[in-house]
Amino acid sequence: GKTLLIEEVAQAADREHKSVRLMPGMGFNELYSRLAQEIGCREPDPQPIGLSGTFNLPPLNAWAKNLPGPRLLHLEGVHHLFEGQRRVDPNTIRLLEAIGGLAPKVCLVLESAVTPPADFLPSAKHFRVKGIPASCLRQYFRQPLRGRPEVGWELSDDELNEVASHLSSHSRSSDDVH
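To keep things clear, this report deals only with the structure shown in the data block. Computed from a predicted model, the values in this text were never measured in an experiment.

Considering the overall build of the protein
Consideration 1: When you go through the protein residue by residue, the secondary structure sums to six helices and three strands.
Consideration 2: Along the protein, from the amino end to the carboxyl end, the secondary structure elements read α-β-α-α-β-α-β-α-α.
Consideration 3: Burial status across the protein gives 35% buried among its 178 residues.
Consideration 4: The contacts in the protein between residues at least 6 apart in sequence include a share of 68% that link residues at least 24 apart.

Right, dumping it as structure tokens:
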């Protein structure tokens, strides 16, 4: 769904596609290290705090200059940053904003399974890509392949609920599947 769309956008825009998957409980230092490596840092374990003890943003520009060409950096699972009413670490916000401002070769795309809080990167462009209503799944599976109308499945209610739950990232609302 969304991930495939993002990959196709990267290809259409003639940008190299790199992806970083965020995991529940991922800390800022790990996120910084993973993003730095995808932006062009060649250090084995980049750390966000410089020798002076301050947050180290300026290297982003230098790292991005080393990239062979434009890059679309896709962050999957961004909802893990703010799930469970957790406030997003202010350093994470500063880092994401800095990438946008200091690394012009990098187009940062954040993918979330849920709508982010209104105050999450308010100056960024937001696009909501919805899936299809779960009620349409039954019809889809009856004839999923164009040109091959003989191929299809009739899903039971339990099967339909399981597929909808899986496609909606196991969210409570299976009314928006991808």
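Things to note about unusual backbone geometry
Consideration 1: Even without being a glycine, Asp14 presents a positive backbone phi close to 55 degrees.
Consideration 2: One can find Asp14 in the loop between α1 (2-12) and β1 (16-21).
Consideration 3: Here Leu121, not a glycine, exhibits a phi torsion of approximately 50 degrees, which is positive.
Consideration 4: When you line up the elements, Leu121 lands in the loop between β3 (106-110) and α5 (137-142).
Consideration 5: Taking the relative accessible area as the measure of exposure, Leu121 reaches 8% and is therefore buried.

Some details on the sheet that holds β1
Consideration 1: A sheet is described by the order of its strands in space; here three strands give the open sequence β1-β2-β3, paired in parallel fashion. Here the strands that pair on one side only, and so sit at the sheet edges, are β1 and β3. In this sheet, neighbouring strand axes are inclined to one another by 20 degrees on average, regardless of whether the strands run parallel or antiparallel.
Consideration 2: Inspection of the sheet shows β1 paired to strand β2 (residues 71-76) by six bridges, in the parallel sense.

Looking at the packing of aromatic side chains
Consideration 1: The final tally for this structure, using the stated rule, is five aromatic pairs.
Consideration 2: For the ring pair Phe28 and Tyr32, a centre distance of 6.2 Å and an interplane angle of 50 degrees mean the geometry is tilted. Of this pair, Phe28 and Tyr32 both sit in helix α2 (residues 28-39), four residues apart, which is roughly one turn of the helix.
Consideration 3: Centroid distance Tyr140 to Phe141: 5.3 Å. Interplanar angle 80 degrees. Geometry classified as edge-to-face.
Consideration 4: Through a chain of ring-to-ring contacts, three or more aromatic side chains come together here, namely Phe28, Tyr32 and Trp63.

Describing α1
Consideration 1: Taken residue by residue, α1 has Lys2, Ile6 and Ala10 as its buried positions. Down the axis of α1, the buried side of the element spans an arc of 80 degrees, and every buried residue falls inside it. Relative to its buried face, α1 has exposed residues pointing more than 90 degrees away, namely Gln11 and Ala12.
Consideration 2: Contact partners of the buried residues in α1: β1, β2 and β3.
Consideration 3: Two residues or fewer past α1, Asp14 is found with a positive phi of approximately 55 degrees.

Basis of the calculations
- Residues numbered from 1 in each chain as written.
- Predicted model: local features only at pLDDT ≥ 70, side-chain atom pairs only at ≥ 80, totals over all residues.
- Heavy atoms only, no water.
- Helix = DSSP H or I, 4+ residues; strand = E, 2+ residues; numbered from the N terminus.
- Buried < 20%, exposed > 50% of the residue type's maximum accessible area, 1.4 Å probe, protein only.
- Contact = heavy atoms within 4.5 Å.
- Pairing = 2+ DSSP bridges.
- Axes fitted to C-alpha atoms, helices over the stretch in contact; angles between N-to-C directions.
- Phe/Tyr/Trp six-rings, centres within 6.5 Å; stacked < 30°, edge-to-face > 60°.
- Arc of directions from axis to C-beta.

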